[in-house]
Amino acid sequence: MEQGFPITVRASQYLASQSKQVEPVLANIEAWINFQALKAQWYCDEAKVPEFDFIVVANTDFAASTADFTEPGWIIEHDNALAMLQDGQFHTQVVIGVGRTGFADAVKMSLVEVANRVVKGYGLQGISG
């Protein structure tokens, strides 16, 4: 069985279909954030490794992408284009909306902000973007 990264970053189907560059950019960001987490020692205790599944959507599609998130536990911040669900002790699902301008930097900034917010509750050191 193949082991993946604890932090995954992928585009919504719609966003991925808009440009062939989206998925390679997100793959680089996924590797980068996992390396930052490794440097911050998030993976030292194998029983308490924070896991994140990030889905990146276009800002314009954020409301439609999160309209069905009615189950308890979802935190939806429309002003920040952020939806988050901690669906396990150390697992968090996140949907973030970003614009086209400065796409890679906007994604990185959002990932770092959300991840730091969550791991603070685990007593872990944050990462910087």
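Cut-off values and rules
- Residues numbered from 1 in each chain as written.
- Predicted model: local features only at pLDDT ≥ 70, side-chain atom pairs only at ≥ 80, totals over all residues.
- Heavy atoms only, no water.
- Buried < 20%, exposed > 50% of the residue type's maximum accessible area, 1.4 Å probe, protein only.
- Helix = DSSP H or I, 4+ residues; strand = E, 2+ residues; numbered from the N terminus.
- Pairing = 2+ DSSP bridges.
- Expected span 1.5 Å × (residues − 1).
- Contact = heavy atoms within 4.5 Å.

### Overview of the pairing of strand β1 (residues 7-11)
Line of reasoning, step 1. Burial along β1 is one-sided: Ile-7, Val-9 and Ala-11 are buried, while Thr-8 and Arg-10, pointing the other way, are not.
Line of reasoning, step 2. Looking at chain direction, β1 and strand β2 (residues 51-58) are connected through 5 bridges and run parallel. Counterpart to Arg-10 in the pairing with β2 is Ile-55.

### Things to note about helix α4 (residues 103-120)
Line of reasoning, step 1. Here α4 contains 18 residues, and its C-alpha end-to-end distance of 26 Å stays within 8% of the 26 Å for a straight helix at 1.5 Å per residue.
Line of reasoning, step 2. Where α4 is concerned, the buried positions are Phe-103, Ala-106, Val-107, Ser-110, Leu-111, Val-112, Val-114, Ala-115, Val-118 and Val-119.
Line of reasoning, step 3. On its buried face, α4 is in contact with β1, α1 (13-18), α2 (22-39), β2, β4 (82-86) and β5 (91-98).

### Considering unusual backbone geometry
Line of reasoning, step 1. One non-glycine residue, Gln-41, lies in the positive phi region at around 65 degrees.
Line of reasoning, step 2. Within the secondary structure layout, Gln-41 lies in the loop between α2 and β2.
Line of reasoning, step 3. The exposed category is assigned to Gln-41, whose relative accessible area is 51%.
Line of reasoning, step 4. Despite not being glycine, Ala-81 shows a phi value in the positive range, around 50 degrees.
Line of reasoning, step 5. Tracing the backbone through its elements, the reader meets Ala-81 in the loop between β3 (75-77) and β4.
Line of reasoning, step 6. When its relative accessible area of 10% is taken as the criterion, Ala-81 is described as buried.

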